[in-house]
Amino acid sequence: MRSSLPATGRVTREPGRRIPVAVHASDPISREGARSQLRQHQQIDLREETDTGPGIVALVVGESLDETTLARLRRLVRSEGAKAVLVMGVLRESELLDVIECGVGAIVWRHEATSHRLLQAVQAAARGDGDLPADLLGRLISQVGSLHRTAAGQPGAPSSGLAPREIDVLRLVAEGLDTGEIASKLSYSERTVKNVMHGLTTRLYLRNRAHAVAYALREGYI
C-alpha cells in the first residue's frame, strides 16, 4: 500500500514533456536495474549520472542509508537543485526526518520498485509533490508528533505563524489530496492552492510538499 502527498492512485502522463532522470547507485547492478525499469517509459529521458542540476530528477538507489548516500542527497538537492527520489531497502525512523528535511519528497521501497512504481515516484518528484509509502507516512507522523510534544514543554519555542488557509491546505495535502481536489474542497482555484503552497514553502525555506507537511506536523499545526 502506498500513500502519496498528494496521491492520485494512477500514473499521470505529462503531455509533450519528458522528465530527465539520472540514476545514482553505489553498485552497477542496482544502477542498470533501475535504468532498465525506467527505459520502458517514453515519458522518461534517461541521463548520465554526471548530469545534475535544476530540472533533473535524481533517482538514488541503495540498500540502507549511510553517510555517503545522505551527503549525496544533500549535494544533489541543496547544492545542485535537483529533485530526488530515494529507493531504499531499509530506512530507520531516526533517518526518516533527515531524509525529508534534506529535500527528498519521494521514497520507494526496493521490493516495491517496479517500473510502474518508479514512474509514479519520478513524476511526483518532478511536480514537486510528495510520494511516501503508507508505512513511512505513519512513522513520519508519529516521529514529528513526538518531537512536537517534547518541544511544547520548552519555553520560548518559536512559532512559524502559519495563516489559517495555509493550515487548511496542508491538512488536505497530508490527507493525500492533489491540487484539484484541495481546490474543490476549499472552494479555491487551483492557482490559489499553488500560490499558497509556493508562498509557505518559499517563506519557510521548505523544499517540497512532504517537507511542508513534516514541518506543519512538527510544529503542531496539523
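First things first, this report covers the structure right here in the doc. Since the model is a prediction, treat every value here as computed from it, not as a measurement.

Here we take up the overall build of the chain. Helix and strand counts for the chain stand at nine helices and seven strands. Residues classed as buried in the chain amount to 49% of the 222 residues present. Within the chain, counting contacts between residues at least 6 apart in sequence, those at least 24 apart form 73% of the total. For the chain, the exposed surface amounts to about 10,500 Å²; the carbon and sulfur share of it is 49%.

Right, let's get into helix α6 (residues 164–174). Restricting attention to buried positions, one finds in α6 the residues Glu 166, Ile 167, Val 169, Leu 170, Leu 172 and Val 173. Residue Gly 176 follows α6 closely and has a positive phi angle near 95°.

Once that is clear, we can look at helix α8 (residues 190–203). Its 14 residues place the ends of α8 20 Å apart at the C-alpha level, agreeing with the 20 Å of an ideal helix rising 1.5 Å per residue. Within two residues after α8, Tyr 205 carries a phi angle of roughly 55°, on the positive side.

A separate point is the side chain of Glu 166. Tracing the sequence through the fold places Glu 166 in helix α6. Using a relative accessible area of 9% as the deciding quantity, one classes Glu 166 as buried. Once you skip the residues sitting within four places of it in the chain, Glu 166 turns out to touch Val 196, Leu 200 and Arg 203.

Across soluble globular proteins, you tend to see nonpolar side chains buried next to one another. Ranked by size, the top nonpolar core spans 24 residues in total, and within it Leu 73, Leu 86, Leu 91, Val 104 and Ile 107 carry the most contacts. At the level of secondary structure, the elements contributing two or more residues to this core comprise β4 (57–64), α2 (67–79), β5 (83–90), α3 (93–102), β6 (104–109) and α9 (209–218). Broken down by element, this core gets its largest block of residues, five residues, from α3.

By secondary structure assignment, the location of Gly 128 is in the loop between α4 (115–127) and β7 (130–133). Look at Gly 128 and you get buried, because its relative accessible area is 18%. Measuring from C-alpha to C-alpha, the distance between Gly 128 and Ala 106 comes to 9.3 Å, with 22 residues separating the pair along the chain. Ignoring sequence-local partners within four residues, the contact set of Gly 128 consists of Lys 83, Asn 208 and Arg 209.

Here we take up unusual backbone geometry. Residues apart from glycine generally show negative phi values, whereas peptide bonds are mostly found in trans. Of note in this structure, Ser 187 is not a glycine but carries a positive phi near 60°. Mapped onto the secondary structure, Ser 187 falls in the loop between α7 (179–186) and α8.

A word on the pairing of β4. The two faces of the sheet receive side chains in turn, since in a regular strand these alternate between them. Burial of β4 is extensive: six of the eight residues sit out of reach of the surface. In the classification by handedness, the crossover that spans β4, the intervening α2 and the parallel β5 is right-handed.

This brings us to the packing of α3 against α9. Geometry of a packed helix pair, given as the angle between the helix axes and the separation of the axes. Look at α3 against α9: their axes get within 8 Å of each other, and the N-to-C directions meet at 125°. Between α3 and α9, the angle is such that the two are oblique. The crossing of α3 and α9 is left-handed. On α9, the residues touching Leu 97, Ile 100 and Glu 101 of α3 are Ala 210, His 211, Ala 214 and Arg 218. Among the residues making up the contact of α3 with α9, the classes are represented as four nonpolar, one polar and two charged.

Turning our eyes to something else, we now look at the environment of Ala 216. Mapped onto the elements of the fold, Ala 216 is located in helix α9. In this structure, the C-alpha to C-alpha distance between Ala 216 and Leu 170, residues 46 residues apart in sequence, is 7.5 Å. Once you skip the residues sitting within four places of it in the chain, Ala 216 turns out to touch Leu 162, Leu 170, Tyr 221 and Ile 222.

Extensive coverage of β6 is indicated by the burial of six of its six residues. For β5 and β6, the ladder comprises five bridges, and the chain directions are parallel. By the bridge assignment, Val 87 is partnered in β6 with Val 108. In this view, the connection linking β5 to its parallel neighbour β6 by way of α3 has right-handed handedness.

Tallied over the entire structure, the rule returns ten salt bridges. When the shortest N-O distance is used, the salt bridge between Arg 75 and Glu 80 registers 2.8 Å. Taking relative accessible area as the criterion, Arg 75 reaches 37% and is therefore assigned partly exposed. Ionic pairing is found between Asp 168 and Arg 171, a salt bridge with its closest N-O pair at 3.6 Å. Of the two residues, Asp 168 and Arg 171 are both situated in helix α6; the distance of three residues between them amounts to about one turn of the helix. Note on Arg 171: relative accessible area 39%, which makes it partly exposed.

What counts as what
Residues numbered from 1 in each chain as written. Predicted model: local features only at pLDDT ≥ 70, side-chain atom pairs only at ≥ 80, totals over all residues. Heavy atoms only, no water. Helix = DSSP H or I, 4+ residues; strand = E, 2+ residues; numbered from the N terminus. Buried < 20%, exposed > 50% of the residue type's maximum accessible area, 1.4 Å probe, protein only. Contact = heavy atoms within 4.5 Å. Areas by Shrake-Rupley, 256 points an atom, 1.4 Å probe, with all protein chains shown as cover. Expected span 1.5 Å × (residues − 1). Core = buried A, V, L, I, M, F, W, Y, C linked by side-chain atoms within 4.5 Å. Right-handed = clockwise from strand over helix to strand, strands pointing away. Axes fitted to C-alpha atoms, helices over the stretch in contact; angles between N-to-C directions. Parallel < 35°, antiparallel > 145°, perpendicular 65-115°, else oblique. Left-handed = near helix turned anticlockwise from the far one by under 90°. Nonpolar A, V, L, I, M, F, W, Y, C, P; charged D, E, K, R; others polar. Pairing = 2+ DSSP bridges. Salt bridge = Lys/Arg side-chain N within 4 Å of Asp/Glu carboxyl O.

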